[in-house]
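Listed below, chain by chain, are the residues.
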Amino acid sequence: MEFHTDFKPLTVQPQEIEERSFEMITEELGEHSYTAEQYPVVQRVIHASADFELGRSLVFHRDAIRAGIEAIRAGRPVVADVQMVQVGISKPRLEKFGSTVNVYISDRDVMEEAKRLNTTRAIISIRKAIKEAEGGIYAIGNAPTALLELIRLVKEGAAKPGLVIGVPVGFVSAAESKEELAKLDIPFITNIGRKGGSPVAVAAVNAISLMAERTG
Ligand SMILES: C/C1=C2N=C(/C=C3N=C(/C(C)=C4\N[C@@](C)([C@@H]5N=C1[C@](C)(CCC(=O)O)[C@H]5CC(=O)O)[C@@](C)(CC(=O)O)[C@@H]4CCC(=O)O)[C@@](C)(CC(=O)O)[C@@H]\3CCC(=O)O)C(C)(C)[C@@H]/2CCC(=O)O
């Protein structure tokens, strides 16, 4: 195998790397039908995944961005389905508004209850979250059963999320759970198909918190 040790990066300035990436994304994406307020989410998702097909598969409820910004400015929590999402979300911007990132999936009571009921920790963690995080942003990048449970609770009137970012990746119920989310008339961001994942959920939250900060 041949190694190209003489390769020189375009730049080593962190800010320039990000700016150049965003320019490249805009050039390569070309025409699209996203609004000016939705586009930063699409751009950041492509930035995190280098996947234009995934970026183009994003679907927004008409109130999604406004609702997400309002939830953050009101200091409502962000609920992450798994630790990977919790870790990736940028905290300093949220903290300025008094918002936190909560994750329940590894709580002892959640693990015990899931075992007792022989169900997923993801489902039980959502049941716990709706009691503690009304009006919050739910960022689901991993667990389809978490998203399906949240949808069920919304339909029952038991959950009132500010915004649902539902982008689980995978094969069992992932695409189907997102199709169900897209049928709801509540603020949501989702995508069509199997693609998605924790970095996608993280990118969407971080794009919205940046907008909350810049317009705040
Ligand atoms: C369907 C699930 C998938 N998990 C994926 C990827 C990763 N999961 C990790 C870990 C450590 C955890 N995943 C669970 C959430 C676990 N994952 C599932 C479930 C089986 C079902 C969820 C659902 O369908 O809604 C889920 C089990 C459950 O909820 O009871 C986890 C709870 C499993 C466990 O340890 O009991 C656990 C959560 C840990 C935490 O956040 O505290 C990985 C880190 C495993 C790894 O790669 O080492 C990884 C994280 C990747 C990420 O970016 O989030 C998939 C691939 C998303 C998969 C769905 C794909 C599929 O099979 O269809």
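Further up the page is the structure itself.
Here the structure is a predicted model, which is why all the values come from computation and not from measurement.

**Q** Would you take a moment to explain the overall build of the protein chain for this structure?
**A** Within the protein chain one finds 11 helices and 6 strands. Relative to its length of 216 residues, the protein chain is compact, with a C-alpha radius of gyration of 18 Å against a globular reference of 17 Å. A principal-axis box enclosing the C-alpha atoms of the protein chain has dimensions of 60 × 45 × 30 Å. A burial count over the protein chain gives 51% of its 216 residues as buried. A fraction of 64% describes how many contacts in the protein chain between residues 6 or more apart in sequence connect residues 24 or more apart. Entry remark: accessible area of the protein chain is about 11,300 Å², with carbon and sulfur atoms responsible for 54%. Between the mean site of the 26 positive side-chain charges and the mean site of the 29 negative ones, the protein chain shows a separation of 6 Å.

**Q** Before we go on, may I ask you to explain the sheet that holds strand 4 (residues 137-140) in this structure?
**A** Reading across the sheet, the 6 strands line up as 1-6-5-4-2-3 and stay open at both edges, with mixed pairing between neighbours. The two strands at the open ends of the sheet, each matched to only one other strand, are strand 1 (58-60) and strand 3 (101-103). In this sheet, neighbouring strand axes are inclined to one another by 20 degrees on average, regardless of whether the strands run parallel or antiparallel. Bridge count between strand 5 (residues 163-166) and strand 6 (residues 188-191): 3 bridges; the pairing is parallel. Considered in strand 6, the bridge of Gly166 is made with Thr190. With respect to the sheet, helix 11 (residues 198-214) is in contact with strand 2 (78-80), strand 4, strand 5 and strand 6, its orientation differing from that of strand 5 by roughly 145 degrees.

**Q** Is there a simple way to explain the nonpolar core in this structure?
**A** Side chains that are nonpolar tend, in soluble globular proteins, to be buried together. Val41, Leu150, Ile165, Ile189 and Ile208 are the most contacted members of the largest nonpolar core, which has 68 residues in total. If one sorts the elements of this core by residue count, helix 11 sits on top with 10 residues. Residues within four places of Leu150 in sequence aside, it is in contact with Ile126, Ile130, Tyr138, Ile140, Ala159 and Val164.

**Q** Please clarify how unusual backbone geometry should be interpreted in this entry.
**A** A negative phi holds for most residues other than glycine; trans holds for most peptide bonds. In this structure, Ala50 takes a positive phi of about 55 degrees despite not being glycine. As for its position among the elements, Ala50 is in the loop between helix 2 (39-49) and helix 3 (52-56). Although it is not a glycine, Asn118 adopts a positive phi angle of roughly 50 degrees. If you trace the backbone, Asn118 turns up in the loop between helix 7 (108-117) and helix 8 (121-132). On the basis of relative accessible area, Asn118 is assigned to the exposed category, the value being 71%.

**Q** Got a minute to help me understand the packing of aromatic side chains in this structure?
**A** Remark: the centre distance and the inter-plane angle together describe each pair of aromatic rings, the angle taken between the planes. Evaluation of the coordinates by the stated rule reveals 1 aromatic pair. Seen from their ring centres, Tyr34 and Phe60 are 5.7 Å apart, and the 75 degrees between their planes marks the pair as edge-to-face. Placement of Tyr34 in the loop between helix 1 (14-29) and helix 2 and of Phe60 in strand 1 is noted, with a sequence separation of 26 residues between them. Given a relative accessible area of 16%, Tyr34 falls into the buried group.

**Q** In this structure, what is going on with the site of the ligand? I would like to understand it.
**A** Within the structure, the ligand sits among 18 residues, and Gln83, Ser106, Arg121, Thr145 and Ser198 are positioned closest to it. Take Arg121: an N or O atom from its side chain is 2.5 Å from an oxygen atom of the ligand. Here an oxygen atom of the ligand sits 3.2 Å away from a polar atom, N or O, in the main chain of Pro144. Its free accessible area being 1,100 Å², the ligand has 56% of it covered by the protein chains. Secondary structure elements with two or more residues in the shell around the ligand: helix 5 (83-88), helix 8 and helix 9 (144-156).

Cut-off values and rules
- Residues numbered from 1 in each chain as written.
- Predicted model: local features only at pLDDT ≥ 70, side-chain atom pairs only at ≥ 80, totals over all residues.
- Heavy atoms only, no water.
- Helix = DSSP H or I, 4+ residues; strand = E, 2+ residues; numbered from the N terminus.
- Rg over C-alpha atoms; globule rule 2.2 N^0.38 Å.
- Buried < 20%, exposed > 50% of the residue type's maximum accessible area, 1.4 Å probe, protein only.
- Contact = heavy atoms within 4.5 Å.
- Areas by Shrake-Rupley, 256 points an atom, 1.4 Å probe, with all protein chains shown as cover.
- Lys, Arg positive; Asp, Glu negative; His and termini not counted.
- Charge placed at Lys NZ, Arg CZ, Asp CG, Glu CD.
- Pairing = 2+ DSSP bridges.
- Axes fitted to C-alpha atoms, helices over the stretch in contact; angles between N-to-C directions.
- Core = buried A, V, L, I, M, F, W, Y, C linked by side-chain atoms within 4.5 Å.
- Phe/Tyr/Trp six-rings, centres within 6.5 Å; stacked < 30°, edge-to-face > 60°.
- Near = heavy atom within 4 Å.
- Polar contact = N/O pair within 3.5 Å; in protein donor to acceptor, adjacent residues only side chain to side chain.

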